[in-house]
Each structure stands twice: as structure tokens, then as C-alpha cells.
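Descriptive analysis of the structure
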Amino acid sequence: MSLSTIDPKQPFQAQYQPPIHDLVRSLKAGVGDNLHSVYLYGSVARKTAKPGLSNLDVIVVTHRPYADTKTALLNSIKWRFQKAYPFINEISFKSALVEEVASLESIFSWGFQLRHCSVCVYGEDLAQCFGDYEPSWEIAKHWNMDVEDWVAVYRNRIARAAKDEEQIKAQKIIAKKLLRASYSLVMYRDKNWFDDPIECGQQFLRYYPDKQIEIERLGILLSGRLIAKRSVIGILDSFGDWLAKQYKKTEFRIG
């Protein structure tokens, strides 16, 4: 069973069309003929974005490195978007070279990202270099075998957060990671793919119903509510540790 792709012909939500046009225009002006293609991923790409909550997630592919101007250009775009489009929570960038993306080594990284999680908004669509993917353990482990490292990093960030907004941001990021990783653990059995973290958690519970409380708590963290640090760290230590061990056990069994 092939995984679904995002329909590139489905129009973006009306509120997000002006900033997308602005984004492409700014990148074309700043990167020039070095710019190969631009992609969106996340809720804006899926046309499910929520004003005031959703990020604008961008992939910029270039022919050659542009390290000398990259930081200044992307920071300038971020600053201007904060002023011009306050309903966009944050704008994030990933960058890659054409030769990195269109390579055999990138099948489970850039290939999967562009083919099934992104939509091209400018340039030659490199997703066409890859065929449709099927649910597999190879995909799951490539994207989530690092869950133990994520838990350690965000456990520390939450413990050290000096401001409520810092803690909430970290809570949401690690909750999203754990919910998606939970479904990826069973994806090769379920023969499907879900990107929405809440749906990932619900589908995961079909296989691990005893984790209902943990999934509900991750949903609360994702909602943006400020939760006592000891409670957040508690769920990361318990469910995060369990999930990391399950990935190791599955890898040992399947390879």
C-alpha cells in the first residue's frame, strides 16, 4: 500500500496565500539564480493551518552553498514576517543542496520528506525523483530512532526554562515528536501514515491501549497549556524511556 501524498493542486488557505507568495519572492530576490526550489511542509502544506498557532515550515534547495548570506537573509525574512503576518506563529527553514536531495543516500530522508510530507511552491519539484513509498520499519526508524536524544535535550530545556513561553514551546515540540514517534512504532504493522500528532496518538492506541493516559497527557502538552515542570519531566521520563526501548527492541527483532 503506497502512502498518500499532498495534492499540489489543492489551493492553500486564503489567509496563507499572500505570505507564501511573499516568501517565494523574497527567496528569489535574496538567493538569485542559486535558488533551485522551495517547499512547504507541516500544517500550511496540508492546508490545515490554524492562525495564531501554526508555523510556516520551509525547505530551501539551492544549487550551491550560500553560507555567506544565508543567516542574514533568513533572519531578515523571519523578522519581516513577524511584523507583516502576525497570525503566523513562527517561520522555520531547512536548507539543502540539489545534489544532497536527489541522491540514493537521501531516499529515507529528503526523498520521503519531499514526496509525502511537502509541497513544492517554486522551481523544479525534486519529489518527482522518488517513487511512492510504502509504510515500513526503515522509514520509521530513520525518522524516530533518535527519540531518546530528543527526550534528553527537551527534558533539559524544560527543566532550565526561565520563562513560561520557553517551557510551553519546548513542551509542544517534544509532545509532537513523541506522538508521531508513537505511531511510527506501529506504522509497519498498520500499513498507513499520519502526520497530525493527535491522530498519530489515537492510531497508536489501537495497538497499545494501555498507554491511553500517556497519550492524553502528551495531547495536553501539545495544546499549549503550562504544566508543572515535574509533571512534564515525569511523562518524558516514563513514556519517553518506554518508547526509546521499544524502538531498540523492534530494531533488534526486525533489523
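I will try to describe carefully the structure that is included in this document. (Residues numbered from 1 in each chain as written. Predicted model: local features only at pLDDT ≥ 70, side-chain atom pairs only at ≥ 80, totals over all residues. Heavy atoms only, no water.)

1. Considerations on the nonpolar core
A general tendency of soluble globular proteins is for nonpolar side chains to be buried together. The criterion, for reference: Side-chain atoms within 4.5 Å link the members of a nonpolar core, which is a set of buried Ala, Val, Leu, Ile, Met, Phe, Trp, Tyr and Cys residues. For every residue, the accessible area obtained with a 1.4 Å probe (protein chains only) is divided by the maximum for its type, and the residue is called buried under 20%, exposed over 50%, and partly exposed between those limits. Strands are runs of DSSP state E lasting at least two residues, helices are runs of H or I lasting at least four, and both sets are numbered from the N terminus onward. The criterion used for residue contact is that any of the two residues' heavy atoms lie within 4.5 Å.
Counting 42 residues, the largest nonpolar core has Leu178, Leu185, Phe204, Leu218, Leu236, Phe239 and Leu243 as its most contacted members. Of all the elements in the fold, those that place two or more residues in this core are helix H5 (107-117), helix H6 (137-144), helix H7 (147-160), helix H8 (164-190), helix H9 (197-204), helix H10 (212-222) and helix H11 (229-254). With eleven residues, H8 is the single largest residue contributor to this core. If sequence neighbours within four positions are ignored, Phe239 has contacts with Leu178, Ser182, Phe204, Lys211, Glu214, Ile215 and Leu218. Counting 27 residues, the second largest nonpolar core, distinct from the first, contains Ile20, Val44, Ile88 and Phe93.

2. Looking at the pattern of salt bridges
For clarity, the threshold we go by: Whenever a carboxyl oxygen of Asp or Glu lies within 4 Å of a side-chain nitrogen of Lys or Arg, that contact is scored as a salt bridge.
Across all of its chains, the model carries 14 salt bridges by this definition. A salt bridge links Arg64 to Asp33; the nearest nitrogen and oxygen atoms lie 3.6 Å apart. With Arg64 in the loop between strand S2 (56-62) and helix H3 (67-84) and Asp33 in the loop between helix H1 (17-31) and strand S1 (35-41), this residue pair connects regions lying 31 residues apart in the sequence. For the salt bridge of Asp146 with Lys177, the shortest nitrogen-to-oxygen distance reads 3.1 Å.

3. Here's the deal with the pairing of strand S3 (residues 91-97)
Spelled out, the test is: In this description, strands pair whenever DSSP reports at least two bridges between them. Handedness of a crossover: with both strands directed away from the viewer, a clockwise path from the first strand across the helix to the second marks it as right-handed.
Here S2 pairs with S3 via seven bridges, running parallel. Across the sheet, the residue bridging to Val58 is Phe93, located in S3. With respect to chirality, the unit in which S2 leads through H3 into the neighbouring parallel S3 is right-handed.

4. Details of the environment of Gln113
Inspection of the secondary structure assignment puts Gln113 in helix H5. Owing to a relative accessible area of 5%, Gln113 belongs among the buried residues under this scheme. With 116 residues separating them in the primary sequence, Gln113 and Lys229 have C-alpha atoms 33 Å apart. Ignoring anything within four residues of it in the chain, the contact list for Gln113 reads Tyr41, Ile59, Lys94, Ser118 and Trp143.

5. Examining unusual backbone geometry
Phi is positive for Lys47, which is not a glycine, with a value near 65 degrees. In this fold, Lys47 is placed in the loop between helix H2 (43-46) and S2. Phi is positive for Lys191, close to 60 degrees, though the residue is something other than glycine. With respect to the helices and strands, Lys191 occurs in the loop between H8 and H9. The class of Lys191 is partly exposed, set by a relative accessible area of 44%.

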